[in-house]
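The residues making up each chain are set out below.
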Amino acid sequence: MEQLVRSKPPEAESSGFLPVSDIDTGVIPIRASGRGMLQVAVDETRRTAALRAPVKARVEALDFYYGELKALKSLTMDIREKQVTALIGPSGCGKTTFLRCFNRMHDLTPGTRYEGCIRLLPEDINLVARNIDPIEVRMRIGMVFQKPNPFPKSIFENVAYGLRIRGVRSQIRIQEEVEKALRDAALWDEVKERLASSALSLSGGQQQRLCIARALATSPEMLLFDEPTSALDPIATARIEELIAALREQVTVLIVTHNMQQAARVSDYTAFMYLGQLIEFDETSRIFTNPGQKATEDYITGRYG
Amino acid sequence: MSTEGLSHHISSRYNTDLERVRSSVLEMGGLVERQLTQAIGGITEPDARVMVRVAQEELRVNQLERSIDEDCSRILATRGPTASDLRLIITILKTITDLERIGDEGEKVAAIAARLALRERPNNRYREVRNLGEVVIDMVHDTLDAFARFDTKLALEVLRRDRTVDEEYEAIHRQNITFMMEDPRSIRRALDVMWVVRSLERIGDHAKNICEYLIYLVLGKDVRHTKIEEIEKELQAPRG
């Protein structure tokens, strides 16, 4: 039987939206069978692949503090390799804070502190350990933000930037890598004729895909998306979602989204967070058809507890 | 989940939408149940007008089926329901198909009742039909009751009764074969009785289907095509 981590708040059943006790201690094995009249995105081969996917990052008892404020409370979960894991939850629940831990974005904010660990496998290095260089972490774990933020440079230079930082000197290699990244980001055909023009001349959706290409250029193992489509129209959104689906062939994806349907569409696993705690973590198909916790149910169905 | 939870959405219009479609299903169920009661009543007490009345109800049943379908598609399109809301919509869409078919079977029974009313009645006054009819009417009634209250215990209880219906159907079947062999003049009536009990047996199956959908709705467990003993075990087990 597959061992998925599932936190089990003892009181959440009856207490409505507010889980009352410290919850992430209980780890119970759950069955991930495909029964049910309707499961979102049931594709048996994909499912099996998902269940067999090795763990890429193991989050263990992760706490995070902004000064005195404890923003993340003992999070424990496994991020599976080449799968898409979505983080959902109301504003202020800590999902973005959690996402940012993965590439040490908090290091720039004074007074922040990590406890516990995020182990990146297979090397088993703790991403949040002080002795680990955040620059190295960011090379391996890319991030795409809510608003597209291309550099005010040419399209080409935006993607080449990370390679140059990495010390790649060969022009031919840089050109190859840029083209590959742009192709992987499904942008190549639209920009190949004007690689020298400013990245700011692209549309919002194109800029976002450029940011994805920029993140892909350094061949990261993981990509973090922080509400990547909330500033985009439905067509650009659909393109990005397509892209995320394609990207899981090569990288592990962690995505924060406020759009519940998006989480349901693009992810294999979904984690529901509330008040800095992980309330439920399970296969996406299950979270959206038959979640285990009432708090999750209330949130995804738009109820108040 | 409980019926109460339906009205706890942040969007009050969503509450109204779900509540409305649910009460339409109950209304449709009520009509179908009445059709069925009238049809079976028409067999045990001769009534040549039974067909007309049942057919009148049928119009309204069909109308409701269409409007519930429409409401459900609209909710799916505009609300993107998830979890228990999604299960509710799926359950309703499937339930009304079975309800509509119960209505159709009721109509068939009524047609035969109208025909039988013009003929000489047997000594037992179609007692076998009356007995089986009562069981089936109760099943439909309890199914709707279970649906109204999201009562899985009652649904399970209805599922258990389906076996009785099947056994009773088999017994009537055998009995009629005997009648027909003994006296060829009884063939016509025996065939009519067979058609009626066949319809009743089908109605039992539809009620059973609805109860299975209801268990899916409330507990998120798909218990179709599962032996009753396994369903009982399943319902006692913690969430799978």
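Just so it is clear, the structure is predicted and the values come from calculations on it, not from any experiment.

Enquirer: Explain the overall build of chain A here, please?
Expert: Scanning chain A from terminus to terminus reveals twelve helices and ten strands. Expressed as a percentage of the 305 residues in chain A, the buried residues total 47%. For chain A, the proportion of contacts with a sequence separation of at least 24, taken over those separated by at least 6, is 69%.

Enquirer: How should I be thinking about the pairing of strand β9 (residues 269-274) of chain A in this particular structure?
Expert: Side chains on a regular strand alternate between the two faces of the sheet. All names here are of chain A. The buried fraction of β9 is high, at six of six residues. Where burial is concerned, the two faces of β9 agree: the one with Tyr-269, Ala-271 and Met-273 and the one with Thr-270, Phe-272 and Tyr-274 are both buried. Bridging between strand β3 (residues 84-88) and β9 involves four bridges; their strand directions are parallel. Among the inter-strand pairings, Ala-86 is bridged to a residue of β9, identified as Thr-270. Bridge count for β9 against strand β10 (residues 277-283) is six bridges, and the pairing is antiparallel. Bridge pairing in β10 links Thr-270 to Asp-282. Adjacent in sequence and paired antiparallel, β9 and β10 are bridged by two residues, among which Leu-275 carries a positive phi angle near 50°.

Enquirer: Would you mind going over the environment of Leu-243 of chain A with me for this structure?
Expert: Mapping Leu-243 of chain A onto the fold places it in helix α9 (residues 234-247). Setting aside chain neighbours within four positions, we find Leu-243 of chain A in contact with Ala-185, Ala-186, Arg-209 and Ile-212 of chain A.

Enquirer: So what exactly am I meant to see when it comes to helix α8 (residues 204-217) of chain A here?
Expert: Owing to its 3.6 residues per turn, the α-helix brings residues three or four apart onto one side. Residue and element names in this part refer to chain A. End to end, α8 covers 20 Å across 14 residues, agreeing with the expected 20 Å (1.5 Å per residue, within 8%). The buried fraction of α8 amounts to 13 of the 14 residues, a majority that puts the element mostly inside the structure. Just downstream of α8 lies Ser-219, where phi reads positive at about 45°.

Enquirer: Please explain unusual backbone geometry as it appears in this structure.
Expert: Between Leu-121 of chain A and the following residue, Pro-122 of chain A, the backbone shows a cis peptide bond with an omega angle of 5°. Tracing the chain through its elements places Pro-122 of chain A in the loop between β4 (112-120) and β5 (125-126). The backbone of Ala-83 of chain B sits at a positive phi, close to 45°, despite the residue not being glycine. With respect to the secondary-structure elements, Ala-83 of chain B resides in helix α3 (residues 83-117). On the basis of neighbour count, Ala-83 of chain B is assigned to the buried category, with 22 C-beta atoms found within 10 Å.

Enquirer: Could you clarify how one ought to interpret the interface of chain A and chain B in this entry?
Expert: The extent of an interface is frequently quoted as the accessible surface area lost upon association of the parts. Across the contact, 18 residues belong to chain A and 18 residues belong to chain B. Of all elements in the fold, only α10 (260-266), α11 (284-289) and α12 (294-300) of chain A reach the threshold of two or more residues within the side of chain A that touches chain B. Looking at side-chain class alone, the side of chain A that touches chain B contains seven nonpolar, seven polar and four charged residues.

Enquirer: Any chance you could explain the confidence of the model for chain B here in plain terms?
Expert: Taken over all residues, the pLDDT of chain B has a mean of 92, while the share at 70 or more is 99%. Scoring the predicted complex yields pTM 0.78 and, for the interface, ipTM 0.75.

Enquirer: Any chance you could explain helix α6 (residues 171-184) of chain A here in plain terms?
Expert: Residues and elements named next belong to chain A. Helix length check: α6 (14 residues) gives 20 Å between terminal C-alpha atoms against 20 Å at 1.5 Å per residue, within 8%. Within α6, the full set of buried residues consists of Glu-177, Val-178, Ala-181, Leu-182 and Asp-184. End-on view of α6: buried residues confined to an arc of 160°, all on one side of the axis. Facing away from the buried surface of α6 by more than 90 degrees, the exposed residues are Ile-172 and Glu-176.

Enquirer: What should I look at first to understand the packing of helix α1 (residues 12-44) of chain B against α3 of chain B in this one?
Expert: Between two packed helices, the angle of one axis relative to the other and the distance separating the axes together describe the packing. Residue and element names in this part refer to chain B. Interhelical geometry of α1 versus α3 gives an angle of 20° and a closest axis separation of 8 Å. It follows that α1 is roughly parallel to α3 by the angle criterion. The two elements α1 and α3 meet at a crossing, and its hand is left-handed. Across the contact of α1 with α3, the residue classes tally to 20 nonpolar, seven polar and one charged.

Enquirer: Explain the packing of helix α4 (residues 127-149) of chain B against helix α5 (residues 152-182) of chain B to me, please; I cannot follow it from the model alone.
Expert: All names here are of chain B. Orientation of α4 relative to α5, taken along the N-to-C sense of each, is 160°, at an axis distance of 10 Å. Taken together, the axes of α4 and α5 lie roughly antiparallel to each other. Read as a crossing pair, α4 and α5 show a hand that is left-handed. In this structure, α4 uses Glu-128, Leu-132, Val-135, Val-136, Met-139, Asp-142, Thr-143, Asp-145 and Ala-146 to contact α5, whose residues at the interface are Leu-154, Ala-155, Glu-157, Val-158, Arg-161, Thr-164, Val-165, Glu-168 and Ile-172.

Enquirer: I keep staring at the environment of Ala-271 of chain A and nothing clicks. Help me out?
Expert: Residues and elements named next belong to chain A. For Ala-271, the location among the structural elements is in strand β9. In this structure Ala-271 comes out as buried when scored by C-beta crowding, with 29 C-beta atoms within 10 Å. Excluding residues within four positions of it along the chain, Ala-271 makes contact with Met-77, Thr-85, Leu-87, Leu-278 and Phe-281.

Calculation rules
Residues numbered from 1 in each chain as written. Chains lettered and ligands numbered in written order. Predicted model: local features only at pLDDT ≥ 70, side-chain atom pairs only at ≥ 80, totals over all residues. Helix = DSSP H or I, 4+ residues; strand = E, 2+ residues; numbered from the N terminus. Buried ≥ 20, exposed ≤ 12 C-beta atoms within 10 Å, placed from the backbone. Contact = placed C-beta atoms within 7 Å. Pairing = 2+ DSSP bridges. Expected span 1.5 Å × (residues − 1). Nonpolar A, V, L, I, M, F, W, Y, C, P; charged D, E, K, R; others polar. pLDDT = per-residue confidence, 0-100. Arc of directions from axis to C-beta. Axes fitted to C-alpha atoms, helices over the stretch in contact; angles between N-to-C directions. Parallel < 35°, antiparallel > 145°, perpendicular 65-115°, else oblique. Left-handed = near helix turned anticlockwise from the far one by under 90°.

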